[in-house]
Protein chains: 6
Amino acid sequence: MEFIVETLLRVDRSATSLRNVKIETQVNRYAEGSALIHMGNTHVLCTASVEESVPSFLKGQGQGWITAEYGMLPRSTHTRMKRESAEGKASGRTLEIQRLIGRALRASIDTSLLGERCIRIDCDVLQADGGTRCASITGGWVALWYAIEGLMQRGMLVTDPRKQAVAALSVGVVNGEPRLDLNYEEDSACDTDLNAVMTANGHWVEVQGTAEGQTLPRSTLNSLLDLAELGIPELFKIQSNAVRLA
Amino acid sequence: MEFIVETLLRVDRSATSLRNVKIETQVNRYAEGSALIHMGNTHVLCTASVEESVPSFLKGQGQGWITAEYGMLPRSTHTRMKRESAEGKASGRTLEIQRLIGRALRASIDTSLLGERCIRIDCDVLQADGGTRCASITGGWVALWYAIEGLMQRGMLVTDPRKQAVAALSVGVVNGEPRLDLNYEEDSACDTDLNAVMTANGHWVEVQGTAEGQTLPRSTLNSLLDLAELGIPELFKIQSNAVRLA
Amino acid sequence: MEFIVETLLRVDRSATSLRNVKIETQVNRYAEGSALIHMGNTHVLCTASVEESVPSFLKGQGQGWITAEYGMLPRSTHTRMKRESAEGKASGRTLEIQRLIGRALRASIDTSLLGERCIRIDCDVLQADGGTRCASITGGWVALWYAIEGLMQRGMLVTDPRKQAVAALSVGVVNGEPRLDLNYEEDSACDTDLNAVMTANGHWVEVQGTAEGQTLPRSTLNSLLDLAELGIPELFKIQSNAVRLA
Amino acid sequence: MEFIVETLLRVDRSATSLRNVKIETQVNRYAEGSALIHMGNTHVLCTASVEESVPSFLKGQGQGWITAEYGMLPRSTHTRMKRESAEGKASGRTLEIQRLIGRALRASIDTSLLGERCIRIDCDVLQADGGTRCASITGGWVALWYAIEGLMQRGMLVTDPRKQAVAALSVGVVNGEPRLDLNYEEDSACDTDLNAVMTANGHWVEVQGTAEGQTLPRSTLNSLLDLAELGIPELFKIQSNAVRLA
Amino acid sequence: MEFIVETLLRVDRSATSLRNVKIETQVNRYAEGSALIHMGNTHVLCTASVEESVPSFLKGQGQGWITAEYGMLPRSTHTRMKRESAEGKASGRTLEIQRLIGRALRASIDTSLLGERCIRIDCDVLQADGGTRCASITGGWVALWYAIEGLMQRGMLVTDPRKQAVAALSVGVVNGEPRLDLNYEEDSACDTDLNAVMTANGHWVEVQGTAEGQTLPRSTLNSLLDLAELGIPELFKIQSNAVRLA
Amino acid sequence: MEFIVETLLRVDRSATSLRNVKIETQVNRYAEGSALIHMGNTHVLCTASVEESVPSFLKGQGQGWITAEYGMLPRSTHTRMKRESAEGKASGRTLEIQRLIGRALRASIDTSLLGERCIRIDCDVLQADGGTRCASITGGWVALWYAIEGLMQRGMLVTDPRKQAVAALSVGVVNGEPRLDLNYEEDSACDTDLNAVMTANGHWVEVQGTAEGQTLPRSTLNSLLDLAELGIPELFKIQSNAVRLA
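The shown structure was predicted, so the numbers you read here are calculated from the model rather than taken from an experiment.

**Some words on the overall build of chain A**
So, step 1. Counting its secondary structure elements, chain A contains six helices and nine strands.
So, step 2. Over its C-alpha trace chain A gives a radius of gyration of 18 Å, about what one expects of a compact globule, namely 18 Å for 246 residues.
So, step 3. With the C-alpha coordinates aligned to their principal axes, the bounding extent of chain A is approximately 60 × 40 × 35 Å.
So, step 4. Here chain A holds 246 residues, and the buried ones make up 61% of them.
So, step 5. The contacts of chain A with a sequence gap of at least 6 include a subset with a gap of at least 24, amounting to 71%.
So, step 6. Approximately 9500 Å² of chain A is accessible, and the part contributed by carbon and sulfur atoms is 50%.
So, step 7. The centroid of the 25 positive side-chain charges in chain A is displaced by 5 Å from the centroid of its 30 negative side-chain charges.

Here it is as structure tokens:
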């Protein structure tokens, strides 16, 4: 048991610091917006595709929509996963994650200013080391920003629909210690895992905490929320640099 | 607009009170445990089925498993939904909900004491008026309790694996007011919706909050958590009565 | 072997009498018509949903359609069945049954008087003890009656399209004895099983007899037809009471 | 309207006579048994494949099984149908028919004498002009006979499991007249359609009658049963010739 | 090993000769064109169905389309295959073959002269002994010819869109010897298999050669191409006879 | 028309030269082998995953297997494609391509020396500009080489099973001129498209040529084969450098 504790020591960063984060922008020559985000060894390729139509439930209402899809390459993981197209359907986990990303990114946009247009964010995990859904949100926002920037520059939008940045981090309790931005090893070892999505003005968009094995007193829940509020602003700085280059 | 506000006035209960809750027990002659829960006009039939085997990832480890499935009858809703068997697959929402119910109920059981046995909780919504996933958890726990009671009485378990009750409620902000146990009309109208799952000893199992339209300052998030902590103990009393009759 | 015969003795009713039948009406607050039918321990929830369109093969012909869907809750049976949405499709048995229910109920209605409207009958088995397809027809007719009554009262139909009641019973040969309204145990034990669907004016709508193991001389086939003609009128009385309350 | 009646006059045969029936045997060089049956313009290719295993519900019980699959070539019909493999699943009608064929053919065999062996009958409609399910049963029996004959000749069976021939015909009421062996045009025009499956000793295996549009008094139902009993023995003679050649 | 070589000796024909080829025409009373082709023991039923619409990517362009579907009856093969409708989808091999047949047949037609019309060629293998995709192309062309002949005779086409015949053969290296028109046994034994599709004017439409086990020097590749050019003209003669009868 | 010809002029390279080719190796920290190949703007990520089991048809024969899967990210293309997992199945094109890649790579390995082991090559197209299947083969060989190198270094193989490099190129006729290594624009414009797969010793593994619109005299077919034989050796040099670094 001590061995496991050993491997879960964080030697390269403190409990409250992020992994190295890097966002490359406009990496795909076809997509209206794109970003390749690295959070440590988690690498997610995000593209934003502008479609000049909206889902049927919005037709004729003069407003737009943001939606997301998520996928993992078969060998993004330690052991190869089956390809979902071979399985014949997206798994429950995949569907749950892409619903989360869509809701998170819609919070960053005033869709009533977008026209009858859908922007579809594809988040494809090239390599996974924990926190892929959070990285998808953070990187997806950058891809979305560029797609809208393009619409603005081509004069296709009257008013800028971008309200604020949105970013996400996972926090959890490992070895009794609340930690920020868990990697895969930490995520697997901890019973409590909370994904936090916030806006640049400090509001919450989503909180999804699970404490299946070791339930959580309110005080610990509060600590985790505090920790997320501490770390997410770091991501806003990196996102801000990524779009300043545009 | 005032009209809409009007209809969302709560005339029959206060913002911090529950709807009428009723749990009928052992309503199915075949299932090892069953409960029919009414939370206002939301009615969910929960059955617990004991299977003498575990999923393959647990084979040979001497422990058990709890899992859940969720469905809505086609006309449980205002307008008829398509039957998921006709659609060829469960929707993303269905998969997300049944994963939540499974995690919630596993928190109430020490699965290492269950033997190599799986208890499958089926939650079928007969009529839906908001809060069906929370009702499924609250009612599902009662069905699970009876299934384990039966195993105990037949001498198939050495130690009682039941740790504590688990129950769930939705809370949200409607007309600027935090409210407990939203019905469908309130749920549709509010931007912020938080599902809270707690154990009878006051710990948190799950928190799933979404503020897609109107993001949430931390102070409001805290109020919603407080409200859930206020209301869920009412459910523990009702669950307690439901199993005392056994 | 004597033991099996013993258990198949009917102690609570004669070979030619029905189980206790009860029909609760308008049990669902959203459906245009609904009924919960109990035939002994077989319980089926039937809802009728009015849709203001018809299948494509009927478009523009000025007439309506009646169709049915059938499902069993996973734990409606002695051992839990897999959920059909998880299986990815309805089974052959399910499809066969819902085609039967649809044909049977169409015989009770003059669909040319219904307008371009489809009434969809959902029959969901909450608990199964034999005869679920017959109970679905008998209960489905009551739900359909109420749905049309509502259309009449709201002035949406010029002429009443209801022609006559339709009801159904199973008959079979058990221990060499023709019996009415088989329960699951009798149904499993008998080689010959015949489902009879009739109208209130004594005509036949469907006869589906199967004698896979022990084939049937014409004289026995005639006896089974006689027995169905004896029992089904009892159901018409119960249906009649169920709709008189409207 | 008179015109339609005209076309439904039977000019080439009487109401109580069959179409031309021809059965070619052993038409496939790989199948253990095969037959190509022509009933007028309905042509069905039937093959019987012997598999040295049984479905899982029969494993270890020392007995065999007969099962059937049914398909229509896309252009077996007046207008091309979609290929079921492209649709992703067999239709309800297909599943219903193959269950019927399987039950019918099992009535001709003592499966307890077959060993743990499954014989699978494939019935593929090359051209359809009504009565394809009945032709499948009649031709399928011949294919099955040859498959068992082969097992007997190779000494793989101790006792002959063949009990009796099984054959099937459709009967119906057209222009008020009960008729035998309906073609597609008659089948489409008549409200009452009854498929009869009998054994060579004059017993009934299946009766499936549907009178969706024009319900049926018992006297007419009796006439249809009489008519089937009159016509099916013709098929037994033709089957008998088809297997005498072996 | 010598034994295997022995069985692969061609005793009934030379390495450069075809099997017996026979094409029966207009064998289906409903299809606009049809042909049953026998290449030795390979038998394929080809039908051509004229549809008065085109796929969506061609809508409004005033031109037509030719497409193909391919299937094997379950017992067309030595051991029974699973029915693709039961599998829920067409296999990769099936999809690959029907794309090949479609491309090949489109090369024989000037689709710009066809009007907004799709001709769908169904190739169903009744019995398979190697070379089914080639037989499908050769027989499919005959079915297509008749379908267009019918359109011409009914005055539905202004200019004849038929450009030239298309036919196909497989060639391969067996026992070190290039051979024409392989049967199943030869096809299974050889490492190199090349399907050649040509037009009656001696041009190539498709060449698909695979040398997975024993790779191929250019000189052998050239020999195989020569051999195909030698054999395919035989098929043009047979096709020509098959359509001269029209 | 002149305009189109204009855009299809090759300004940056001659008709017989390749695009810029770059292969990055071991780009994925989990896969046993990996390579990211750039052929101009076509970018394919190839991973090789070693599995210690073989498909069922090879079980117990002491030999290994190489297989491939292929996918395109939704926005690898000019306009976004639907995700195949959302479609519920891989398309015919996808299945055809992955069968081709598998056959091609198996030609580079003596699978009898691999042990009962399967190496699965995943080729995921990050950006597509023509020739993705050829790039997958060329890059996939590098990933496969590294996976086997790892098995050799860990002593898990007795004899090196690598026989020779395999690489692939597309050739086609554009503006009447045979050209090497077509990009998407050229590929779309040309009627004749031939994919060539060769081994480093100059043998052919696969040739797949399609001339749907403009059929091909043998002389042109020969020119295309010549052109491929000219260009593919360039790829062997680049592959050789990519593995020399190991």
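**Here we look at the environment of V171 of chain A**
Residue and element names in this part refer to chain A.
So, step 1. With respect to the element layout, V171 can be found in strand β6 (residues 166-174).
So, step 2. Separated by 22 residues in sequence, V171 and D193 place their C-alpha atoms 6.1 Å apart.
So, step 3. When neighbours within four sequence positions are excluded, V171 is seen to be in contact with R179, L180, L182, T192, D193, L194, L224, L227 and A228.

**Observations regarding the sheet that holds strand β9 (residues 204-211) of chain B**
So, step 1. Reading across from one edge, β7(A)-β6(A)-β8(A)-β9(A)-β9(B)-β8(B)-β6(B)-β7(B) is the order of the eight strands in this open sheet, with antiparallel pairing throughout. Single-partner strands in this sheet number two, and they are β7 (177-180) of chain A together with β7 (177-180) of chain B. Taking each pair of neighbouring strands and ignoring which way they run, the sheet shows an average axis angle of 15 degrees.
So, step 2. Here strand β6 (residues 166-174) of chain B runs beside strand β8 (residues 192-199) of chain B; their pairing, made up of eight bridges, is antiparallel. What sits directly across from A168 of chain B, in β8 of chain B, is V197 of chain B.

**A few points about the arrangement of the chains**
So, step 1. At their nearest point, the C-alpha atoms of chain A and chain C are still 10 Å apart, with no contact between the two.
So, step 2. A gap remains between chain C and chain F, which never touch, and the nearest two C-alpha atoms on either side lie 11 Å apart.

**Some details on the packing of aromatic side chains**
So, step 1. Under the counting rule described, the total for this entry stands at 12 aromatic pairs over all chains.
So, step 2. Measuring from ring centre to ring centre gives 5.2 Å for F57 of chain E and W65 of chain E, while their planes differ by 90 degrees; the resulting arrangement is edge-to-face.
So, step 3. When its relative accessible area of 51% is taken as the criterion, F57 of chain E is described as exposed.
So, step 4. Ring centres of W145 of chain F and Y146 of chain F lie 5.2 Å apart, and the angle between their planes is 75 degrees; on these two criteria the pair is classed as edge-to-face.

**Considering the interface of chain A and chain F**
So, step 1. Each partner contributes to the interface: chain A provides 36 residues, whereas chain F provides 36 residues.
So, step 2. The interface formed by chain A and chain F holds 12 salt bridges in total.
So, step 3. Linking E32 of chain A and R75 of chain F is a salt bridge whose minimum nitrogen-to-oxygen distance equals 2.6 Å.
So, step 4. Linking chain A with chain F are 23 residue pairs in polar contact (both at pLDDT 80 or more).
So, step 5. Taken together, the elements giving at least two residues each to the side of chain A that touches chain F come down to β3 (42-51), β4 (65-72), α2 (84-87) and β5 (118-127) of chain A.
So, step 6. With six residues, the single largest contributor to the side of chain A that touches chain F is β5 of chain A.
So, step 7. Here the side of chain A that touches chain F is composed, by residue class, of 12 nonpolar, 11 polar and 13 charged.

**Comments concerning the packing of helix α6 (residues 218-244) of chain C against helix α6 (residues 218-244) of chain D**
So, step 1. For the pair α6 of chain C and α6 of chain D, the least separation of the axes is 13 Å and the interaxial angle reads 160 degrees. Classified by the angle between their axes, α6 of chain C and α6 of chain D sit roughly antiparallel to one another. When the axes of α6 of chain C and α6 of chain D are compared, the crossing they make is right-handed. Of the residues in α6 of chain D, those in contact with R218, L221, N222, L225, D226 and E229 of chain C of α6 of chain C are R218, L221, N222, L225, D226 and E229 of chain D.
So, step 2. Its residues assigned to classes, the contact of α6 of chain C with α6 of chain D shows four nonpolar, two polar and six charged.

**Side note on helix α3 (residues 92-106) of chain C**
So, step 1. Along its 15 residues, α3 of chain C runs 21 Å from first to last C-alpha, staying within 8% of the 21 Å computed at 1.5 Å per residue.
So, step 2. For α3 of chain C, the tally of buried residues reaches 13 of 15 residues, placing the bulk of the element in the interior.

**So, the pattern of salt bridges**
So, step 1. Inspection of every chain in the model, using the stated rule, returns 138 salt bridges over all chains.
So, step 2. With its nearest N and O atoms 3.3 Å apart, the salt bridge here joins R120 of chain C to E69 of chain C. Within this pair, whereas R120 of chain C is found in strand β5 (residues 118-127), its partner E69 of chain C is found in strand β4 (residues 65-72), the two being separated by 51 residues in sequence.
So, step 3. Judged by relative accessible area, which is 12%, E69 of chain C ranks as buried.
So, step 4. For R162 of chain D, the salt bridge identified is with D160 of chain D, shortest N-O distance 2.8 Å.
So, step 5. Relative accessible area serves as the criterion here: at 31%, D160 of chain D is assigned to the partly exposed category.
So, step 6. Among the charged side chains, a salt-bridge network with shared partners connects R10, R13, R19, D129, E177, R179, D181 and E186 of chain A.

**Some thoughts on the sheet that holds strand β1 (residues 21-25) of chain D**
Residue and element names in this part refer to chain D.
So, step 1. Ordered in space as β1-β2-β3-β5-β4, the five strands form an open sheet in which the pairing is mixed. Two strands in the sheet have a free side with no partner beyond their single neighbour: β1 and β4 (65-72). Neighbour-to-neighbour, the strand axes of the sheet open up by a mean angle of 20 degrees, direction not taken into account.
So, step 2. Docked against the sheet, helix α3 (residues 92-106) engages β4 and β5 (118-127), running at close to 145 degrees with respect to β4.
So, step 3. Taken strand by strand, α6 contacts β1 and β2 (33-39), and its axis lies near 25 degrees from that of β1.

**Points about the side chain of R10 of chain A**
Residue and element names in this part refer to chain A.
So, step 1. Within the secondary structure layout, R10 lies in the loop between α1 (2-7) and β1 (21-25).
So, step 2. On the basis of relative accessible area, R10 is assigned to the buried category, the value being 14%.
So, step 3. One polar contact links the side chain of R10 to the main-chain carbonyl oxygen of S14, over a distance of 3.1 Å.
So, step 4. Polar contacts involving the side chain of R10 include one to the main-chain carbonyl oxygen of L180, which spans 2.5 Å.

**A look at the environment of M39 of chain B**
All names here are of chain B.
So, step 1. Of note, M39 is situated in strand β2 (residues 33-39).
So, step 2. M39 sits 169 residues away from Q208 along the chain, and the two C-alpha atoms are 20 Å apart.
So, step 3. Ignoring sequence-local partners within four residues, the contact set of M39 consists of R19, N20, V21, A135, L169, D181 and L235.

**A closer look at unusual backbone geometry**
So, step 1. Phi is positive for D181 of chain A, which is not a glycine, with a value near 55 degrees.
So, step 2. Inspection of the secondary structure puts D181 of chain A in the loop between β7 and α5 (184-189).

**Structural notes on the relation of the copies chain A and chain F**
Between the two copies of the chain lies a rotation about an axis combined with a shift along it.
So, step 1. At an RMSD of 0.0 Å, chain A and chain F line up after a rotation of 180 degrees and a shift of 0.0 Å along the axis. Here the two chains are linked by the operation of a two-fold rotation axis.
So, step 2. A high fraction, 100%, of the interface residues of chain A reappear at the interface in chain F, so the copies pair face to face through one surface.

What counts and how
- Residues numbered from 1 in each chain as written.
- Chains lettered and ligands numbered in written order.
- Predicted model: local features only at pLDDT ≥ 70, side-chain atom pairs only at ≥ 80, totals over all residues.
- Heavy atoms only, no water.
- Helix = DSSP H or I, 4+ residues; strand = E, 2+ residues; numbered from the N terminus.
- Rg over C-alpha atoms; globule rule 2.2 N^0.38 Å.
- Buried < 20%, exposed > 50% of the residue type's maximum accessible area, 1.4 Å probe, protein only.
- Contact = heavy atoms within 4.5 Å.
- Areas by Shrake-Rupley, 256 points an atom, 1.4 Å probe, with all protein chains shown as cover.
- Lys, Arg positive; Asp, Glu negative; His and termini not counted.
- Charge placed at Lys NZ, Arg CZ, Asp CG, Glu CD.
- Pairing = 2+ DSSP bridges.
- Axes fitted to C-alpha atoms, helices over the stretch in contact; angles between N-to-C directions.
- Phe/Tyr/Trp six-rings, centres within 6.5 Å; stacked < 30°, edge-to-face > 60°.
- Salt bridge = Lys/Arg side-chain N within 4 Å of Asp/Glu carboxyl O.
- Polar contact = N/O pair within 3.5 Å; in protein donor to acceptor, adjacent residues only side chain to side chain.
- Nonpolar A, V, L, I, M, F, W, Y, C, P; charged D, E, K, R; others polar.
- Parallel < 35°, antiparallel > 145°, perpendicular 65-115°, else oblique.
- Left-handed = near helix turned anticlockwise from the far one by under 90°.
- Expected span 1.5 Å × (residues − 1).
- Least-squares fit on C-alpha atoms with pLDDT ≥ 70 in both.

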